[in-house]
Amino acid sequence: MSELTTIARPYAKAAFDYAVEQKIIAGWQEMLVFAGEVAKNPDIKNLMSGAVAPDTLAEVFNQICGEQLDQHGQNLIKVLAENKRLQALPEISELFNEFKTEFDKEIEADVISATELNEKQQAEISGALEKRLARKVKLNCSVDPTLIAGVKIKAGDTVIDGSVKSKLNRLTDALQA
């Protein structure tokens, strides 16, 4: 792993998490690809390696990118310029694409509840899991009245047991210890 990749990873992850949260992954991918190509330009490389003030560099970079960057994309450029990290933009774009490829893989989550879940509850669970797992989630819902109340979720290696039955079992174990 190169030094630039190490530098780029937290920026790419933050941009990707924001894009997932705002549901604008494709828009961010386009912005980062464009900005990454601008950063590869020899004239821009010379400008980035010169003694140009970060504010001026960010302003020039954002002017070159123009309408291709929204306000948040321009803010990323400013942060990168302030931290002297603009040269990492191609790697940020590449890592963002890797995160998107991983996100596009859908994971199945088994949701077992004490009562049948309505569409709103399913959407809330799905949204929370997508945010936590950073990928699309397909719910397989089933009902198990022995849970008493709450839900039990299994998604890959992740198990979330929010059932009353589980809480009562833990309380029993604690009282017997």
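- Identification of the chain as ATP synthase subunit delta from Paraglaciecola chathamensis is taken from an unreviewed UniProt entry.
- The UniProt entry for the chain carries the following text under Sequence similarities (unreviewed entry): "Belongs to the ATPase delta chain family."

1. With respect to the pairing of strand β2 (residues 137-143)
Logical step 1: Relative to β2, strand β1 (residues 107-113) is paired through 7 bridges, and the arrangement is parallel. Paired with Glu108 across the two strands is Lys138, which belongs to β2.

2. Quick look at helix α6 (residues 89-104)
Logical step 1: Here α6 contains 16 residues, and its C-alpha end-to-end distance of 22 Å stays within 8% of the 22 Å for a straight helix at 1.5 Å per residue.
Logical step 2: All of the buried residues in α6 are Leu89, Pro90, Ile92, Ser93, Leu95, Phe96, Phe99, Lys100 and Phe103.
Logical step 3: In this fold, the buried residues of α6 make contact with α1 (3-22), α2 (25-40), α4 (54-65), α5 (71-82) and α7 (119-133).

3. A look at the nonpolar core
Logical step 1: Among the nonpolar cores identified, the biggest contains 34 residues, and Phe61, Leu86 and Leu89 are the most heavily contacted of them.
Logical step 2: For this core, the secondary structure elements donating two or more residues are α1, α2, α3 (42-49), α4, α5 and α6.
Logical step 3: Take this core: its biggest share by element is 8 residues, from α1.
Logical step 4: What Phe61 contacts, discounting residues up to four positions off in sequence, is Ala35, Val38, Ala39, Ile44, Ile77, Leu86 and Leu89.

4. Some details on a nonpolar patch on the surface
Logical step 1: Together, Ile148, Val164, Leu168, Leu171 and Leu175 make up an exposed nonpolar region whose accessible area comes to about 470 Å².
Logical step 2: Among the residues examined, Leu171 registers a relative accessible area of 47% and is labelled partly exposed.

5. Focus on the packing of α3 against α4
Logical step 1: Axis separation between α3 and α4 bottoms out at 11 Å; the angle between their running directions is 165 degrees. As the angle between them shows, α3 and α4 are arranged roughly antiparallel. As α3 packs across α4, the resulting crossing turns out to be left-handed. Contacts between α3 and α4 involve Ile44, Leu47 and Met48 from the first element and Leu57, Val60, Phe61 and Ile64 from the second.
Logical step 2: Looking at side-chain class alone, the contact of α3 with α4 contains 7 nonpolar, no polar and no charged residues.

Conventions adopted
The residue numbers shown here count from 1 along each chain, following its written sequence. Confidence filtering applies because this is a predicted model: local features only for residues at pLDDT of at least 70, side-chain atom pairs given and counted only at 80 or more, and all residues used for totals across whole chains, interfaces and linings. Heavy atoms from the whole structure form the basis of all side-chain values; hydrogens and water molecules are not counted. UniProt positions are given in the numbering used here, feature names are shortened, and annotations may be inferred rather than shown by experiment. When DSSP locates at least two bridges between a pair of strands, those strands are taken to pair. By the criteria applied, helices consist of DSSP H or I runs no shorter than four residues and strands consist of E runs no shorter than two, each listed in order from the N terminus. Residue count minus one, scaled by 1.5 Å, sets the expected span of a helix. To sort residues, take the accessible area from a 1.4 Å probe on protein chains only and compare it with the maximum for the residue type: under 20% means buried, over 50% means exposed, and anything in between is partly exposed. The criterion used for residue contact is that any of the two residues' heavy atoms lie within 4.5 Å. What we call a nonpolar core is a set of buried Ala, Val, Leu, Ile, Met, Phe, Trp, Tyr and Cys residues that are connected through their side-chain atoms within 4.5 Å. Note that patches include only residues with greater than 30% relative accessible area and no salt bridge, and the join distances are 9 Å for like charges and 5 Å for nonpolar side chains (Val, Leu, Ile, Met, Phe, Trp, Tyr). Where accessible areas are quoted, they stem from the Shrake-Rupley method and a 1.4 Å probe; at the residue level, only the protein chains shown are allowed to cover. The salt bridge definition used is simple: a Lys or Arg side-chain nitrogen within 4 Å of an Asp or Glu carboxyl oxygen. Axes here mean lines fitted to C-alpha atoms, for a helix over just the part in contact, with angles spanning 0 to 180 degrees between N-to-C directions. In this scheme, roughly parallel covers angles under 35 degrees and roughly antiparallel covers those over 145, while 65 to 115 is roughly perpendicular and the rest are oblique. Rotating anticlockwise by less than a right angle from the far helix to the near helix defines a left-handed crossing, while the corresponding clockwise rotation defines a right-handed one. Any residue that is not Ala, Val, Leu, Ile, Met, Phe, Trp, Tyr, Cys, Pro, Asp, Glu, Lys or Arg is counted as polar, Gly included; the first ten are nonpolar and the last four charged.

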